Amino acid sequence: MQLLDNKVEFRKSLLSWYKEEKRDLPWRHTSNPYYIWVSEVMLQQTRVDTVIPYYERFIDKYPTMETLALAEENELLKMWEGLGYYSRVRNLQIGVQEVVESYGSEVPNNRKTISTLKGVGPYTAGAVLSIAYGIPEHAVDGNVMRVISRILLIEEDISVPKTKKIFEDVVMELIDKNDPSSFNQGLMELGATICTPKPKCLLCPVREYCSAFFEGKQEELPVKSKKLKKKIIPVASFAIRNEQGQWLMKQRPSKGLLANLWEFPMVELKGDATPLEALIEQYNITPIEPDELISFKHLFSHITWEVKSFLAHLTGMEKVPEEFQYFTSEEVEALPKAVPVLKIWEEIKNV
DNA sequence: AAACCGTGGCA
DNA sequence: TTGCCAAGGTT
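- Identification of chain A as Adenine DNA glycosylase from Sporosarcina siberiensis is taken from an unreviewed UniProt entry.
- For chain A, the Catalytic activity (unreviewed entry) comment in UniProt is given as "Hydrolyzes free adenine bases from 7,8-dihydro-8-oxoguanine:adenine mismatched double-stranded DNA, leaving an apurinic site."

Observations regarding the domain arrangement of chain A
Then comes step 1: Examined at the domain level, chain A breaks down into domain 1 (4–220) and domain 2 (231–348).
Then comes step 2: One C-alpha centre belongs to domain 1, the other to domain 2; they are set 38 Å apart.
Then comes step 3: Facing 9 residues of domain 1, the contacting portion of domain 2 comprises 16 residues.
Then comes step 4: When the two sides are added together, the surface that domain 1 and domain 2 hide from each other amounts to roughly 880 Å², 52% of it contributed by carbon and sulfur.
Then comes step 5: In terms of surface lost to domain 2, no three residues of domain 1 exceed Asn-74, Glu-81 and Tyr-86, which account for 48% of the buried area on that side.
Then comes step 6: Linking domain 1 with domain 2 are 0 salt bridges, by the criterion used here.

Notes on the protein's contact with DNA strand B
Then comes step 1: Looking at DNA strand B, there are 20 residues lining it, with Arg-47, Tyr-86, Leu-258, His-298 and His-302 nearest.
Then comes step 2: Among the atoms of DNA strand B lying within 4 Å of the protein, the sugar-phosphate backbone contributes 59%.
Then comes step 3: At 2.8 Å from a phosphate oxygen of DNA strand B is found a side-chain nitrogen or oxygen belonging to His-298.
Then comes step 4: Taken together, the residues that form the surface near DNA strand B break down as 11 nonpolar, 8 polar and 1 charged.

As for the pattern of salt bridges
Then comes step 1: Going through the model one piece at a time under the given rule, you end up with 14 salt bridges.
Then comes step 2: The closest approach of N and O atoms between Arg-28 and Glu-189, which form a salt bridge, is 2.8 Å. Of this pair, Arg-28 sits in the loop between helix H1 (7–21) and helix H2 (33–43) while Glu-189 is found in helix H11 (residues 180–193), placing the two residues 161 residues apart along the sequence.
Then comes step 3: Here Lys-61 and Glu-75 are joined by a salt bridge, their closest N and O atoms 3.9 Å apart. Of this pair, Lys-61 sits in helix H3 (residues 48–61) while Glu-75 sits in helix H5 (residues 73–80), and the two are 14 residues apart along the sequence.
Then comes step 4: A residue is classified by how much of its surface remains accessible, and Glu-75, at 35% relative accessible area, is partly exposed.
Then comes step 5: One continuous salt-bridge network, built from bridges that share partners, spans Arg-23, Arg-28 and Glu-189.

Things to note about the pairing of strand S5 (residues 288–299)
Then comes step 1: Where S5 lies against strand S6 (residues 303–313), 8 bridges are found, and the strand directions are antiparallel. Note that in S6 the partner of Lys-297 across the bridge is Glu-306.
Then comes step 2: Counting the residues that bridge the hairpin from S5 to S6 gives 3 residues.

Points about the state of the cysteines
Linking two cysteines covalently through their sulfur atoms gives a disulfide.
Then comes step 1: The full count for this structure, using the stated rule, is 0 disulfides.
Then comes step 2: Left unpaired, Cys-201 is separated from the closest cysteine sulfur, that of Cys-210, by 6.3 Å.
Then comes step 3: Note on Cys-201: relative accessible area 14%, which makes it buried.

Considerations on the environment of Ser-237
Then comes step 1: Position of Ser-237 among the secondary structure elements: in strand S1 (residues 231–241).
Then comes step 2: For Ser-237, a relative accessible area of 2% gives the class buried.
Then comes step 3: Residues within four places of Ser-237 in sequence aside, it is in contact with Phe-264, Pro-265, Met-266, Lys-308, Ser-309, Phe-310 and Ile-344.

As for helix H9 (residues 142–151)
Since the α-helix advances by 3.6 residues per turn, residues separated by three or four positions end up pointing in the same direction.
Then comes step 1: Taking burial as the measure, the 10 residues of H9 include 9 buried ones, the bulk of the element.
Then comes step 2: Those residues of H9 that are buried lie in contact with H1, helix H10 (164–174), H11 and helix H12 (211–215).
Then comes step 3: The N-capping residue of H9, defined by a side-chain oxygen 3.2 Å from the backbone nitrogen of Asn-143, is Asp-141.
Then comes step 4: One or two residues past the end of H9 sits Leu-153, with phi positive at roughly 50 degrees.

Notes on the environment of Met-266
Then comes step 1: Within the secondary structure layout, Met-266 lies in strand S4 (residues 266–268).
Then comes step 2: Sequence-wise, Met-266 and Tyr-209 are 57 residues apart; in three dimensions their C-alpha atoms are separated by 55 Å.
Then comes step 3: The contacts of Met-266, once residues within four sequence positions are left out, are Val-235, Ala-236, Ser-237, Tyr-283 and Trp-305.

A few points about the protein's contact with DNA strand C
Then comes step 1: Around DNA strand C, the structure places 25 residues, and the nearest of them are Gln-45, Gly-119, Asp-141, Asn-143 and Pro-197.
Then comes step 2: Of all DNA strand C atoms lying within 4 Å of any protein atom, the proportion belonging to sugar or phosphate reaches 67%.
Then comes step 3: Between DNA strand C and Thr-124, the relevant distance is 2.8 Å, taken from a phosphate oxygen to a side-chain nitrogen or oxygen of the residue.
Then comes step 4: Sorting the residues of the surface near DNA strand C by element identifies H2, helix H8 (122–133), H9 and H11 as the ones contributing at least two each.
Then comes step 5: A class-by-class count of the residues in the surface near DNA strand C yields 10 nonpolar, 7 polar and 8 charged.

Quick notes on the rules
Residues numbered from 1 in each chain as written. Chains lettered and ligands numbered in written order. Predicted model: local features only at pLDDT ≥ 70, side-chain atom pairs only at ≥ 80, totals over all residues. Heavy atoms only, no water. UniProt positions renumbered as here; feature names shortened; annotations may be inferred. Domains from an automatic or database assignment. Contact = heavy atoms within 4.5 Å. Buried area = accessible area lost by both parts, 1.4 Å probe. Salt bridge = Lys/Arg side-chain N within 4 Å of Asp/Glu carboxyl O. Near = heavy atom within 4 Å. Polar contact = N/O pair within 3.5 Å; in protein donor to acceptor, adjacent residues only side chain to side chain. Nonpolar A, V, L, I, M, F, W, Y, C, P; charged D, E, K, R; others polar. Helix = DSSP H or I, 4+ residues; strand = E, 2+ residues; numbered from the N terminus. Buried < 20%, exposed > 50% of the residue type's maximum accessible area, 1.4 Å probe, protein only. Pairing = 2+ DSSP bridges. Disulfide = S-S within 2.5 Å.

Here it is in structure tokens:
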């Protein structure tokens with residue numbers, strides 16, 4: 001193969017390009033394994049530009065693993081508010097607690113041990129090991145699969161889980177043992193800036209090693225089959241105020257969608273029940289004079305909510321299910337909420 | 001293996 | 001507007 005015959009030259013081209021062109025990112029100013037770990041978790045399925053402000057705030061608030069280990073759940077979720085995939089931060093805290101308690105606050109420096117930590121999968125393990133410790137381990141993400149699939153003209157379906165091993169093996173074959181950090185980050189940087197879904201091959205530092213470019217097939221790779229259709233779920237959300245001006249809210253279940261985040265009473269709309277009837281049916285709450293607020297769609301990765309929202313009232317003396325509590329506007333502001341709830345809150349916070 | 005788990009940017 | 005997708009992991 002073209003590439004495998006020229007490994008040394010390929011590494012040199014990639015590394016010199018990376019050292020010259022790499023973006024100046026906050027987590028590239030440190031080799032603290034904990035900071036690298038935080039950045040890698042935030043970057044899972046999330047764009048660099050989105051992550052930067054969250055990363056800065058998070059490290060500022062939790063500068064050490066001990067501070068994160070002791071953080072309270074609502075405060076922690078609030079730091080993650082708007083980032084999505086909220087189980088990431090819960091798992092990160094559990095993983096950090098394990099490191100503090102079982103490994104003397106030293107992030108493990110081998111794949112076997114670090115992979116036992118909550119939320120640390122094959123990619124994150126390899127990323128922390130190579131970037132923080134300089135250990136030659138593969139860190140195969142979507143970027144790397146796109147880049148390598150083009151360079152070696154690999155036409156396996158990358159949506160199939162077992163395909164990833166092909167790329168991990170290739171990376172272990174190619175990786176620069178003198179600078180695994182720059183090599184892995186270089187592959188990702190290339191995927192993020194040049195070897196994008198619509199590639200800019202004329203700017204590519206390694207196009208002379210690229211079989212797909214040679215064949216003119218770069219736009220057809222990587223092969224990716226899966227696309228599931230989103231299920232549509234109509235829901236109604238009731239922002240309910242008592243006579244003291246407090247808001248009725250509940251915490252979502254600790255597992256599943258938007259786990260542990262706070263929301264106004266929300267019901268799924270099925271059949272031909274009205275929103276109010278659905279609310280009474282599910283929670284036995286009967287608010288006074290509901291006024292319709294905004295309606296909108298919120299798209300998750302696998303489902304779509306069609307949200308109708310209402311503003312309504314109770315005296316505050318009525319019986320409500322245990323999981324509900326009244327909060328002042330200031331307290332509501334401090335609770336971690338998902339984006340659809342934030343949207344409703346923005347509409348009513350000043351009434 | 002396949003489904004679940006968020007969000008915002010962009011063509 | 002709709003669909004795709006971006007430094008994945010868990011169950």
